[in-house]
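# Inside the fold
For reference, the chains in residue letters:
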Amino acid sequence: MEMKKWKDTAGHKLGCPYIGITLVGTAEEMARHHSGYCPGCNVRVKWEEKKQEPENAVGQS
């Protein structure tokens, strides 16, 4: 199983410590262990696969 990075894209309330957190795991782990409601602000979490940016993405002139 391939491990992927996942970013929480839910609309958390201001001051919530879980805004924009990133986790690493398989799709099955995310669905089983990290789905449901945010423990900080009680908003339904939404996970989206985080796109990998190329290492050499430096602007060239």
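So, here is what we can say about the structure in this document. (Residues numbered from 1 in each chain as written. Predicted model: local features only at pLDDT ≥ 70, side-chain atom pairs only at ≥ 80, totals over all residues. Heavy atoms only, no water.)

Tallying secondary structure elements over the protein chain gives one helix and three strands in all. Sequence-ordered secondary structure for the protein chain, helices as α and strands as β, is β-β-α-β. A buried classification covers 21% of the 61 residues belonging to the protein chain. The long-range fraction of contacts in the protein chain, counting pairs at least 24 apart against all pairs at least 6 apart in sequence, stands at 47%. (Helix = DSSP H or I, 4+ residues; strand = E, 2+ residues; numbered from the N terminus. Buried < 20%, exposed > 50% of the residue type's maximum accessible area, 1.4 Å probe, protein only. Contact = heavy atoms within 4.5 Å.)

Another point: the sheet that holds strand β1 (residues 4-8). Within the open sheet, the three strands sit side by side as β2-β1-β3. Their pairing is antiparallel. One side of each edge strand has no neighbouring strand; the edge strands of this open sheet are β2 (22-25) and β3 (47-49). Taken over all neighbouring pairs, the strand axes of this sheet differ in orientation by 35° on average, direction set aside. Bridge analysis of β1 against β2 gives four bridges, and the strand direction is antiparallel. Its bridge partner being in β2, lysine 7 is matched across the sheet by threonine 22. (Pairing = 2+ DSSP bridges. Axes fitted to C-alpha atoms, helices over the stretch in contact; angles between N-to-C directions.)

A general trend in soluble globular proteins is that nonpolar side chains are found buried together. Grouped together as the largest cluster of nonpolar side chains are six residues: Ala10, Cys16, Cys38, Cys41, Val43 and Val45. Setting aside anything within four residues of it in sequence, one finds valine 45 in contact with Asp8, Ala10, His34, Ser35, Gly36, Tyr37 and Cys38. (Core = buried A, V, L, I, M, F, W, Y, C linked by side-chain atoms within 4.5 Å.)

Turning next to the environment of glycine 11. Relative to the helices and strands, glycine 11 is located in the loop between β1 and β2. In this structure, the C-alpha to C-alpha distance between glycine 11 and cysteine 41, residues 30 residues apart in sequence, is 9.9 Å.

Turning to the pattern of salt bridges, a few remarks are in order. One pass over the structure, following the stated rule, counts one salt bridge. The shortest N-O distance in the salt bridge between lysine 4 and glutamate 49 comes to 3.7 Å. With lysine 4 in strand β1 and glutamate 49 in strand β3, this pair connects stretches of sequence that are 45 residues apart. (Salt bridge = Lys/Arg side-chain N within 4 Å of Asp/Glu carboxyl O.)

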